[in-house]
Amino acid sequence: MVFDLAGKSVFIAGHNGMVGGAVLRLLKQRGDVRLITASRRQLDLRDEHAVGAFFTNHRPDACVLAAARVGGIIANSANKVGFLYDNLRLQNAVIGAARASDTERLLFLGSSCIYPKLADQPIREDSLLTGPLEPTNDAYAIAKIAGLKLCEFLNREEGRAYISAQPCNLYGPGDNYHPTTSHVIPGLIRRFHEAKHSRASETFIWGTGTPLREFLYVDDLAKALVFLLENYKDPGLINVGSGEEISIGDLAGLVAEAVGYEGVLKLDPSKPDGTPRKLMDSSKIRSYGWRSRTSLQEGLRHAYADYLSVIEA
Ligand SMILES: NC(=O)c1ccc[n+]([C@@H]2O[C@H](COP(=O)([O-])OP(=O)(O)OC[C@H]3O[C@@H](n4cnc5c(N)ncnc54)[C@H](OP(=O)(O)O)[C@@H]3O)[C@@H](O)[C@H]2O)c1
């Protein structure tokens, strides 16, 4: 271990979000870390001066930067200025304040959308900047690339330990179940739950069902992030994935099982499929000794329980 978090103070930026919430749960359970949080109302992370004063005041030993302006394809394509500018401001403010107050370790969250649209699969870290990005989320991806490069350059020029982790698709407690802006798993959970309650005999799934995707349970990601904070030494970025692929058709079957929906699942090939395969190469983090532990079946049961708690609240 290169940095033991025991007894240290950790600022979780974005602790009300899905990823930040999972890191908060994990570190609370662990019990030996002093946690620092601030809601958006208390601290707008785009405000460079306020963020600088917050770091000067709290002097965290480590920071998990899990806050970002996040959105689906429609929001991302319609407001590129907002996604680029807000994310640049937010990450520059936090990374800059961490640097100025000599925060020892920082973990910056990127995303698989930083890689070229046509990157070889499984996607390795060294495919970064080898080809054009997916145009629908290029503004968001460019902000993330700027953030991870800033961390890398600070590591190389100033000997800092600011890590950039690139997770695959995530799901689990704290997910967004909105009918139009949700990702595939929370979207299917909601639709199958509603179909179960309306006793619908069949439900349609967009596309051919054949695209392959990789999913990671968010509590497994939180364990990976804490593991990286304590153990990772390289200056460059690192992928974090489960390493397991599943077709959208098979995934829909597992979600229906977790929800208890027994109607027929029908494919609608007239709807777009998206990219045929998206798998991260996570051999680097596995070489450090980390691997995900939660099976998709188990994670989906927890995710459905979370959905029920949200709609019953
Ligand atoms: N979800 C995924 O599948 C996925 C996959 C790969 C990578 N990631 C990355 O993981 C990170 C976290 O994602 P997430 O899914 O946890 O997103 P999320 O649930 O939307 O959480 C983002 C958090 O950031 C906070 N935030 C945004 N702008 C802020 C501001 N100006 N000031 C203060 N707080 C602000 C939000 O606060 P409010 O609660 O007040 O809105 C929210 O709590 C992102 O960088 C994302 O790219 C996510």
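Refer to the preceding data block for the structure.
Cut-off values and rules
Residues numbered from 1 in each chain as written. Predicted model: local features only at pLDDT ≥ 70, side-chain atom pairs only at ≥ 80, totals over all residues. Heavy atoms only, no water. Pairing = 2+ DSSP bridges. Helix = DSSP H or I, 4+ residues; strand = E, 2+ residues; numbered from the N terminus. Axes fitted to C-alpha atoms, helices over the stretch in contact; angles between N-to-C directions. Contact = heavy atoms within 4.5 Å. Near = heavy atom within 4 Å. Polar contact = N/O pair within 3.5 Å; in protein donor to acceptor, adjacent residues only side chain to side chain. Areas by Shrake-Rupley, 256 points an atom, 1.4 Å probe, with all protein chains shown as cover. Buried < 20%, exposed > 50% of the residue type's maximum accessible area, 1.4 Å probe, protein only.

A.B. asks: Can you lay out the sheet that holds strand β2 (residues 34-36) for me, pointing to particular residues and giving the numbers?
C.D. replies: Read from one edge to the other, the open sheet built from 6 strands follows the order β2-β1-β3-β4-β5-β9, with strand pairing classed as parallel. Two strands bound the open sheet, and with one partner strand each, they are β2 and β9 (238-240). Sheet twist, expressed as the average angle between the axes of neighbouring strands with direction ignored, equals 25°. Where strand β1 (residues 9-13) meets strand β3 (residues 62-65), 4 bridges bridge the pair, whose relative direction is parallel. Pairing of I12 across the sheet is with V64, part of β3. Contacts from helix α5 (residues 138-158) reach β4 (105-109) and β5 (161-167) within the one sheet, and its direction differs from that of β5 by about 150°.

A.B. asks: Would you mind going over the side chain of N231 in detail, with residue names and values included?
C.D. replies: Tracing the chain through its elements places N231 in helix α7 (residues 218-231). Leaving out residues up to four positions away in the same chain, N231 has contacts with M1, V2, R105 and Y288.

A.B. asks: Please set out the site of the ligand residue by residue, giving values where relevant.
C.D. replies: Surrounding the ligand, one finds 24 residues, the nearest of these being M18, V19, D44, Y140 and K144. Here an oxygen atom of the ligand and a backbone polar atom of A68 are 3.4 Å apart. L170 places a polar main-chain atom, nitrogen or oxygen, 3.1 Å from an oxygen atom of the ligand. Its free accessible area being 900 Å², the ligand has 82% of it covered by the protein chains. Put simply, the parts of the chain that give the shell around the ligand at least two residues each are α1 (18-30) and α5.

A.B. asks: I'd love a proper account of the pairing of β3, names of residues and values included.
C.D. replies: Burial along β3 is two-sided: A62 and V64 and C63 and L65, pointing in opposite directions, are all buried. Sheet analysis places β3 next to β4, joined by 4 bridges and oriented parallel. Bridged to A62 within β4 is R105.

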